[in-house]
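# An overview of the molecular structure
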Amino acid sequence: MLLLGVGWNLALIAGSALLTNGVPTRQRPRLEGYGEVGMGIAAAGGGVICGPVMDTGGYSSLALSGAAVATLILPIAWNWSTRRATQ
């Protein structure tokens, strides 16, 4: 659990740095706030959804559901990042 917490915090710090990279200093607090709200909404939604998924199919269905969500999000994020890089 300790390593999971350390990994989570390192990912959070790296994500925050990537989120605010290239943004003017005056806009960084607002953008960071949007990131925090988005993370909170995702955590709340995941908490609500994971109970029924876990009850229905156990850890394996929870892991597969998480992998499915990640599989859907990665191409969207890749497309968004490459589009921003070309602009």
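Before going into details, it helps to say that this report is about the structure given with it.

Conventions adopted
- Residues numbered from 1 in each chain as written.
- Predicted model: local features only at pLDDT ≥ 70, side-chain atom pairs only at ≥ 80, totals over all residues.
- Heavy atoms only, no water.
- Helix = DSSP H or I, 4+ residues; strand = E, 2+ residues; numbered from the N terminus.
- Rg over C-alpha atoms; globule rule 2.2 N^0.38 Å.
- Buried < 20%, exposed > 50% of the residue type's maximum accessible area, 1.4 Å probe, protein only.
- Patch = residues over 30% accessible without salt bridge, like charges linked within 9 Å, V, L, I, M, F, W, Y side chains within 5 Å.
- Areas by Shrake-Rupley, 256 points an atom, 1.4 Å probe, with all protein chains shown as cover.
- Salt bridge = Lys/Arg side-chain N within 4 Å of Asp/Glu carboxyl O.
- Contact = heavy atoms within 4.5 Å.

### Remarks on the overall build of the chain
When its secondary structure is counted, the chain shows 2 helices and 0 strands. In summary, the chain has a C-alpha radius of gyration of 16 Å against a globular reference of 12 Å for 87 residues, an excess of more than 25%. In terms of overall dimensions, the chain has a C-alpha envelope of 45 × 30 × 25 Å along the principal axes. Counting only residues that meet the buried cut, the chain has 3% of its 87 residues in that class.

### Digging into a nonpolar patch on the surface
Together, L2, V6 and L10 line one region of the surface with nonpolar side chains, adding up to about 320 Å² of accessible area. For V6, the location among the structural elements is in helix α1 (residues 2-20).

### Side note on the environment of V23
By secondary structure assignment, the location of V23 is in the loop between α1 and α2 (28-86). On the basis of relative accessible area, V23 is assigned to the buried category, the value being 15%. Expressed as a C-alpha distance, the spacing of V23 and P52, which sit 29 residues apart in the sequence, is 40 Å. Non-local contacts of V23, meaning those with residues more than four positions away in its chain, are made with R28 and L31.

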